[in-house]
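Summary of the model geometry
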2 protein chains.
Amino acid sequence: MDKQTVTIYDVAREAAVSMATVSRVVNGNPNVKPATRQKVLDVIDQLDYRPNAVARGLASKKTTTIGVIIPDLTNSYFSELARGIDDVALMYKYNIILASSDENHDKELQVVDNLTAKQVDGIIFMGNQVSKDLRDAFNRANAPIVFAGSVDPEHQSPSVNIDYVAAVTDAVAKLVSRGNRRIAFVTGSMDESINKDYRLKGYKQALSSKRIGYDEGLVFQTDYSYKAGYALAKALQDVKATAAFVGDDELAAGVLNGLTDAGVNVPEDFEIITSNDTRFTEISRPTMSSITQPLYDIGAVSMRLLTKLMNNEEIGDKTVVLPYGLKKRQSTK
Amino acid sequence: MDKQTVTIYDVAREAAVSMATVSRVVNGNPNVKPATRQKVLDVIDQLDYRPNAVARGLASKKTTTIGVIIPDLTNSYFSELARGIDDVALMYKYNIILASSDENHDKELQVVDNLTAKQVDGIIFMGNQVSKDLRDAFNRANAPIVFAGSVDPEHQSPSVNIDYVAAVTDAVAKLVSRGNRRIAFVTGSMDESINKDYRLKGYKQALSSKRIGYDEGLVFQTDYSYKAGYALAKALQDVKATAAFVGDDELAAGVLNGLTDAGVNVPEDFEIITSNDTRFTEISRPTMSSITQPLYDIGAVSMRLLTKLMNNEEIGDKTVVLPYGLKKRQSTK
DNA sequence: ATATTAAAAGTAAGCGGTTTCATGATTGCT
DNA sequence: AGCAATCATGAAACCGCTTACTTTTAATAT
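Residues numbered from 1 in each chain as written. Chains lettered and ligands numbered in written order. Predicted model: local features only at pLDDT ≥ 70, side-chain atom pairs only at ≥ 80, totals over all residues. Heavy atoms only, no water.

This brings us to the packing of aromatic side chains. All names here are of chain B. Under the counting rule described, the total for this entry stands at 19 aromatic pairs over all chains. Ring geometry for Tyr203 and Tyr214: centres 6.2 Å apart, planes at 75 degrees, overall edge-to-face. Taken together, the positions of Tyr203 in helix H9 (residues 193-209) and Tyr214 in the loop between H9 and strand S7 (219-221) put the pair 11 residues apart, joining distant regions of the chain. We classify Tyr203 as buried; its relative accessible area is 0%. The partly exposed category is assigned to Tyr214, whose relative accessible area is 34%. Ring geometry for Tyr226 and Tyr230: centres 6.0 Å apart, planes at 40 degrees, overall tilted. Pair noted here: Tyr226 and Tyr230 are both in helix H10 (residues 226-231), with a separation of four residues, about one helical turn. (Phe/Tyr/Trp six-rings, centres within 6.5 Å; stacked < 30°, edge-to-face > 60°. Helix = DSSP H or I, 4+ residues; strand = E, 2+ residues; numbered from the N terminus. Buried < 20%, exposed > 50% of the residue type's maximum accessible area, 1.4 Å probe, protein only.)

Attention shifts here to the protein's contact with DNA strand C. The environment of DNA strand C is made up of 29 residues, and the closest members are A:Ser18, A:Arg24, A:Thr36, B:Ile8 and B:Ser23. In this structure, A:Arg24 approaches DNA strand C through a side-chain N or O atom, which is 2.5 Å from a base oxygen. Residue composition of the surface near DNA strand C, grouped by class: 13 nonpolar, 10 polar and six charged. (Near = heavy atom within 4 Å. Polar contact = N/O pair within 3.5 Å; in protein donor to acceptor, adjacent residues only side chain to side chain. Nonpolar A, V, L, I, M, F, W, Y, C, P; charged D, E, K, R; others polar.)

In this section: empty space enclosed by the protein. A complete count under the given rule lists nine cavities of 30 Å³ or more for this structure. Estimates place the volume of the largest cavity at around 210 Å³. Taken together, 13 residues line the largest cavity, and the ones lying closest to its centre are A:Val54, A:Lys118, B:Val54, B:Thr65 and B:Lys118. The set of elements that each furnish at least two residues to the lining of the largest cavity consists of helix H4 (53-60) of chain A together with helix H4 (53-60) of chain B. No other element matches H4(A), which puts three residues into the lining of the largest cavity. Considered class by class, the residues forming the lining of the largest cavity number six nonpolar, five polar and two charged. (1 Å grid on protein atoms, 1.4 Å probe; cavity = no way out; pocket = protein on both sides within 12 Å on 5 of 7 lines; lining within 4 Å. Points joined across faces, edges and corners; volume = space filled by probe spheres on them.)

Of the two same-sequence chains, chain B is brought onto chain A (RMSD 0.1 Å, axial shift 0.0 Å) by a rotation of 180 degrees. Taken together, the turn and the small shift mark the pair as related by a two-fold rotation axis. For chain B, the smallest separation between a C-alpha atom and the rotation axis is recorded for B:Ile97, amounting to 2.2 Å. Comparing contact sets, 100% of the residues at the interface of chain B also lie at the interface in chain A, consistent with an isologous, same-surface contact. (Least-squares fit on C-alpha atoms with pLDDT ≥ 70 in both. Contact = heavy atoms within 4.5 Å.)

See below:
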């Protein structure tokens, strides 16, 4: 059944050297005479030897595998991050064990323990609630963690982000400056720190700096889906909002289309700014103005940071903040 | 540095049994006296022992890890499949090593060898060209492969799909029945078997059954991106096409918006049917008519099939064909 | 030539489990 | 009570590689 696999031992025998020597050439250890190295290399080639990564992992305690915890694969925001992660992981020869969390606490816990059992060398976490349990699980993992495009409210773990507060402040201020007084704040669950502690803060900040009162009735929490956004159209009209900041592009597309289908003209009667500048912002009609963030880079930088951590390199600031912007498209005047 | 990890040996000592016994209880082997089992379980609990999956993998030659080769994480078609895969993988306790191929041959090759080195128990492949080299790499992997939402033109590997030929035939026939005579065929590279051998066949079939000549000038190959589609608008008008079948939703959205922005009314002046029924079809305006496929299920079934294969279970037909449909939305009359 | 040092190669002990096989403890029967 | 059959456990080999340590070989110095 099993195809005969050739092991380091076979190579050693065939090349008439010890396993140690073979291991050395495989690992690029310089303490090998060129002639010997060549001989071994030839045998490796001839036998088509391929080192068993599992054995290697056990012996060296390094698996060259990292875990990536992602709330939702099908959400562009996360998949763009993942792409950045993936690319630099490849660059540094790490493999990725992808683990979906569905933003579900128990699942996250289980997933982390799982990754720990698999002895990953590091973990990239996307998600926005970190319970004590989860923190414990992280610690058990005995591997560095970095938060990618996700915020660690307690600033215990390294993370790479944009300045969410400032970004939202800017976005909402823009809406205000266009004369909007009743600006809805539409995001996912307020249990998520990014919403509760960052975005909402930016929202309030923008309002108060313009002397606009905060009205809780304008705050909508729902899930990050097109459908959820679409369904929100009526409520938005009911509260007489004339604009909205939305925390997710797909959600924003839903809001946009829901409103449009309800006969509301965007941007004339209602302005929308969304958050992630994913492809949805271009595809929808009207196209959507958005906060822009370097999604790919957030992923890439996270992974790069992780490699440093795994390498025990000194790193400066544990939290890196990437620049954001505001892109005007058709959903704002 | 390293946190003290507790091993099976520690548990054995503490519980005053042998490692073998601990191993047995961990693995649910029935040959353990209930009292002993309980004692061991208690110690495991007390010591917070967690088996090292790498060691396990080496000893048992099973890693409970599978490889998933995906051309593009950010493409909804694939990420929807991946979600299905992920869910049932979780169900069966498998972890996923995600490997992006970018639909690039060399990368695919490297990736497969990589997964092989990591001793994955199985592989799910998405992609549409299988060179001899790649086939060889698959064989070396010594692990079952299944093609998910991708076609193996030589029918050597198990796969789960829809009937692409029939689906495209239906779609194009629908366009014809609306009176369109010049129907463009817009997809990705013709190097991909799914395009060259399946979709195109369906296209031709639909035309010839309606006695419409095949015009190569109506066939467009490009990459699966919004931009590419958008850029195609002019060419589409130049060849005087009045409708198009498009092989990817994002691409279709590009075509749609490109046309719209060029002043062409969809569907009045130009009808579009796309292929994957992803969320883009709902978000665009007008919404897009599409072939419907059970994306999640294709992924899920693929994974389920893989588990059977890994388990050496007898399976009936190596290629499972799931039902497709046609969903009329606003991009067709 | 010989002593000293550095470079190259080998030995073998793990890494943390699984699993085969042997052995001792139980149980069932007559 | 005596013996076979069954169950529960332990001993130890092994999975395929890395690595600390030792030995051998080569190079340089004296």
